[in-house]
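Descriptive analysis of the structure
Each chain is listed here by its residues.
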Amino acid sequence: MNLKQKLIWIDDDKDHQKDATLIMKKQEHLEIIFLHPNKFKITEHCGHIYLLDDRLFQKEDEDQIAFDKRGLNLAADIRIDHPEFPIYLFTTDKVPKGVFGVLSQASEGLTDSIIEFKSIQRNGHIFLYHDSLDYERIRNTERKNVEAMVNLLHPQSFEKDEIFLAIPQVLKNGLSDPSDIENSQGNTNFYGKWIRNVFLQFPGFVYDSLFSATCVGMMESVFLSKKGEFKDAHYNGIFSNSRDNCLWWKSQLKRILYRLANDKLPIEERDNPYTFSEKIFHLKDSEVSRCALCGEKYPKTVAYNKDDEEERQPVHFHCSEVDEKKENRLYFDEIRFFEYPE
Ligand SMILES: [Zn+2]
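Keep in mind the model is a prediction, meaning the values are calculated, not measured.

Some details on the overall build of the protein chain
Within the protein chain one finds ten helices and 13 strands. The C-alpha atoms of the protein chain give 23 Å as radius of gyration, which agrees with the globular expectation for 342 residues (20 Å, within 12%). Among the 342 residues that make up the protein chain, the fraction classed as buried is 35%. Summarising the internal contacts of the protein chain: among those between residues at least 6 apart in sequence, 61% fall at separations of at least 24.

Here it is, written out as structure tokens:
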């Protein structure tokens, strides 16, 4: 595998060149070719990853000629010539978040990700490089070998069958041939998008820190202070290096909790798994997970606030409802909401 990744950055604002230079300084394995859209030649400038400003029509090139299309239009052209390479679009606007994080139009659209410019400035040297490398890992996977595809997630062996059932139908026979442009539905970018926007985004196989904490019966801050105990549950598969936040395998969290209970608790105290952490770690009352609605201990899941979808809280099943309007995916947790009393 070629460790050096080439990024083609297409941008009408030459002030951003200094950001590109800074990223290369911080990430020596990333080479960035920075181009005004008028200078970009689709067959000549081939990269491992493309980064496009969406508003490409604002600033003229050195010959005072403006580009007359958006980044999204250019993305469509690049997609045809380079169907197996990721295209990231950036904007200076705020990217809308869904219930479980970024659920932008990227999930269905022409690009693989829509990002805010300031996140490129903050940690572009990490995620642009690692994402590019991870897309290359998918491209290098044996096309018809579904197990190799699933193995990119580094699952435990008992989990592979369920992941296979959860992956989209079009991928069940492996990745489509890269030359088969008509069938780009099942190509490497499609799989990459599913991993990033579904598998890692929706709770089910892996959990973020709030879900993980609730799953093992602790407040989130307490879980994070004890995360060393659960380090074997860390998600370290594809697209884990580019993330700001850790994820944990749900099944592994439970396994570790049961193992600790077996080691540390007398058998008569092993009836309710939700009380295990409290007993094993001698948690104070204030450290035990509590339902945001009724205030009682041992909420079993996490739901979002119906009036503010970005707020999520641990809740009991009987204190929350399944959101039938959201797409509830098989093999993933149901999407639930709660409402604070008036
Ligand atoms: Zn409750």
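Resuming the write-up.
Notes on the nonpolar core
Of all hydrophobic cores here, the largest spans 68 residues; its most connected members are Tyr50, Leu51, Trp248 and Leu253. At seven residues, the largest contribution of residues to this core is made by helix α3 (residues 117-139). Residue assignment places this core across two domains, with domain 1 (5-139) and domain 2 (290-342) each supplying three or more. The residues touching Leu51, leaving out its near neighbours within four places in the chain, are Leu7, Trp9, Tyr88, Phe90 and Leu128.

Regarding the packing of α3 against helix α6 (residues 188-199)
Where α3 contacts α6, the axes come no closer than 9 Å and their chain directions differ by 125 degrees. Our classification of the angle between α3 and α6 gives oblique. For the pair α3 and α6, the sense of crossing is right-handed. From α3, Tyr135, Ile138 and Arg139 reach across to α6, where they touch Thr188, Tyr191 and Gly192. For the contact of α3 with α6, the residue count by class is three nonpolar, two polar and one charged.

What about the pairing of strand β3 (residues 49-53)?
In terms of burial, β3 is a largely internal element, five of the five residues being buried. Neither face of β3 is exposed, since Ile49, Leu51 and Asp53 on one face and Tyr50 and Leu52 on the opposite face are all buried. Sheet topology note: the strand β1 (residues 5-10)/β3 ladder contains four bridges and is parallel. Considered in β3, the bridge of Trp9 is made with Leu51. In terms of strand pairing, β3 meets strand β4 (residues 87-91) through four bridges, oriented parallel. Within the sheet, the bridge partner assigned to Asp53 lies in β4 and is Phe90.

The rules behind the values
- Residues numbered from 1 in each chain as written.
- Predicted model: local features only at pLDDT ≥ 70, side-chain atom pairs only at ≥ 80, totals over all residues.
- Helix = DSSP H or I, 4+ residues; strand = E, 2+ residues; numbered from the N terminus.
- Rg over C-alpha atoms; globule rule 2.2 N^0.38 Å.
- Buried ≥ 20, exposed ≤ 12 C-beta atoms within 10 Å, placed from the backbone.
- Contact = placed C-beta atoms within 7 Å.
- Core = buried A, V, L, I, M, F, W, Y, C linked by C-beta atoms within 7 Å.
- Domains from an automatic or database assignment.
- Axes fitted to C-alpha atoms, helices over the stretch in contact; angles between N-to-C directions.
- Parallel < 35°, antiparallel > 145°, perpendicular 65-115°, else oblique.
- Left-handed = near helix turned anticlockwise from the far one by under 90°.
- Nonpolar A, V, L, I, M, F, W, Y, C, P; charged D, E, K, R; others polar.
- Pairing = 2+ DSSP bridges.

Coordinates in, geometry out; function isn't part of it.
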